[in-house]
Amino acid sequence: DTEVTQTPKHLVMGMTNKKSLKCEQHMGHRAMYWYKQKAKKPPELMFVYSYEKLSINESVPSRFSPECPNSSLLNLHLHALQPEDSALYLCASSQEPGGLSSGNTIYFGEGSWLTVV
Amino acid sequence: SQQGEEDPQALSIQEGENATMNCSYKTSINNLQWYRQNSGRGLVHLILIRSNEREKHSGRLRVTLDTSKKSSSLLITASRAADTASYFCATDDRGSTLGRLYFGRGTQLTVWP
């Protein structure tokens, strides 16, 4: 089973709403990632969790708040977003921290399409 | 920046033809991975090639890596309409263990039936 599951698949939210994106993997992976992808662009790294601890925050605005409740789950809490935050949000995981540097394949979920109105 | 660049940015071919996509990167790497992304979907990993490997095959896919030229290629043989997708290469950074992936801009492949 090489599956990363993301919910919801689609989310429309107003600029004053609070919502969350969820990601789950049951592969025993110890590193999990959030990426943001705009149309016709490559994914951009937002956050990396290694052994449930935040190891990379790519200067992401505080209106995005990640959380790793346990080794299988990764959440992205959203609050006071802007229309320009509309994008595909991708979750990924790898067996070990270090990801590709450690020779680990990084597996991606199907993504959550976020529209901010 | 380590960000890779794919070439060409768009490729349009007929079913049955071969498709070749190239990727270049800037700094030393440990590994390189190719991904496929169907429109509006997540990324599917295709092949991971290590810096000490020169070529790797998986079904109709062949990946080559030339670390001296800092480049990789993805060949899809006997293409099918279902191969229509964006293809990205992604590299790590040999100088880092933090797990960053550096993506190229991607090649949009269209295979016409």
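What comes next is a walk through the structure. Just so it is clear, the structure is predicted and the values come from calculations on it, not from any experiment.

Conventions adopted
- Residues numbered from 1 in each chain as written.
- Chains lettered and ligands numbered in written order.
- Predicted model: local features only at pLDDT ≥ 70, side-chain atom pairs only at ≥ 80, totals over all residues.
- Heavy atoms only, no water.
- Phe/Tyr/Trp six-rings, centres within 6.5 Å; stacked < 30°, edge-to-face > 60°.
- Helix = DSSP H or I, 4+ residues; strand = E, 2+ residues; numbered from the N terminus.
- Buried < 20%, exposed > 50% of the residue type's maximum accessible area, 1.4 Å probe, protein only.
- Disulfide = S-S within 2.5 Å.
- Contact = heavy atoms within 4.5 Å.
- Buried area = accessible area lost by both parts, 1.4 Å probe.
- Salt bridge = Lys/Arg side-chain N within 4 Å of Asp/Glu carboxyl O.
- Nonpolar A, V, L, I, M, F, W, Y, C, P; charged D, E, K, R; others polar.
- Core = buried A, V, L, I, M, F, W, Y, C linked by side-chain atoms within 4.5 Å.

## A word on the packing of aromatic side chains
For any pair of aromatic rings, geometry is given as the distance between the ring centres together with the angle between the planes.
Moving on, step 1. All chains considered together, the criterion is met by eight aromatic pairs over all chains.
Moving on, step 2. Between Phe108(A) and Tyr35(B) the ring centres are 5.3 Å apart and the planes differ by 90 degrees, which places this aromatic pair in the edge-to-face class. Here Phe108(A), found in strand β10 (residues 107–108), pairs with Tyr35(B), found in strand β4 (residues 31–37), and the two come from separate chains.
Moving on, step 3. Relative accessible area serves as the criterion here: at 9%, Phe108(A) is assigned to the buried category.
Moving on, step 4. Relative accessible area serves as the criterion here: at 0%, Tyr35(B) is assigned to the buried category.
Moving on, step 5. An aromatic cluster of at least three residues, connected via ring pairs, comprises Tyr33(A), Tyr35(A), Phe108(A), Tyr35(B), Phe88(B) and Phe103(B).

## What to know about the state of the cysteines
All names here are of chain A.
Moving on, step 1. Per the stated rule, a full pass over the model turns up two disulfides over all chains.
Moving on, step 2. Two residues, Cys-23 and Cys-91, share a disulfide whose sulfurs are 1.9 Å apart. A torsion of -75 degrees about the S-S bond marks the disulfide between Cys-23 and Cys-91 as left-handed. Pair noted here: Cys-23 is in strand β3 (residues 18–25) and Cys-91 is in strand β9 (residues 87–94), with a separation of 68 residues, a long-range link.

## Details of the environment of Lys36(A)
All names here are of chain A.
Moving on, step 1. Its place among the elements puts Lys-36 in strand β4 (residues 31–37).
Moving on, step 2. Taking the C-alpha atoms as reference points, Lys-36 and Asp-85, 49 residues apart in sequence, are found 9.0 Å from one another.
Moving on, step 3. Each residue touching Lys-36, except ones within four places of it in the same chain, is listed here: Pro-42, Pro-43, Glu-44, Met-46, Glu-84, Asp-85, Ala-87, Leu-88 and Tyr-89.

## Some points on the interface of chain A and chain B
Moving on, step 1. Each partner contributes residues to the interface: chain A has 26 residues there, and chain B has 28 residues.
Moving on, step 2. When chain A packs against chain B, the two sides together hide about 2,000 Å² of surface, and 56% of this comes from carbon and sulfur.
Moving on, step 3. Counting every contact that joins chain A to chain B gives one salt bridge.
Moving on, step 4. In this structure, Glu110(A) and Arg41(B) form a salt bridge, with 2.7 Å as the shortest nitrogen-oxygen distance.
Moving on, step 5. Elements represented by at least two residues in the side of chain A that touches chain B include exactly β4, β5 (44–50), β9 and β10 of chain A.
Moving on, step 6. Ranked by residue count, the leading element in the side of chain A that touches chain B is β4(A), at three residues.
Moving on, step 7. Split by residue class, the side of chain A that touches chain B holds 15 nonpolar, eight polar and three charged.

## Description of unusual backbone geometry
Residues and elements named next belong to chain A.
Moving on, step 1. With an omega dihedral of -10 degrees, the bond running from Thr-7 to Pro-8 counts as a cis peptide bond.
Moving on, step 2. In this fold, Pro-8 is placed in the loop between β1 (4–7) and β2 (10–13).
Moving on, step 3. The phi dihedral of Tyr-51 falls on the positive side, at around 50 degrees, and the residue is not glycine.
Moving on, step 4. By the secondary structure assignment, Tyr-51 is in the loop between β5 and β6 (53–57).
Moving on, step 5. Look at Ala-80: it is not a glycine, yet its phi comes out positive at around 55 degrees.
Moving on, step 6. You can see Ala-80 is positioned in the loop between β8 (73–79) and β9.

## A look at the nonpolar core
Residues and elements named next belong to chain A.
Moving on, step 1. Trp-34, Phe-64, Leu-76 and Leu-78 are the most contacted members of the largest nonpolar core, which totals 24 residues.
Moving on, step 2. Every element with two or more residues in this core is listed here: β2, β3, β4, β5, β7 (64–70), β8, β9 and β11 (112–116).
Moving on, step 3. Non-local contacts of Phe-64, meaning those with residues more than four positions away in its chain, are made with Met-46, Phe-47, Leu-76, His-77, Leu-78, Leu-81, Asp-85 and Tyr-89.

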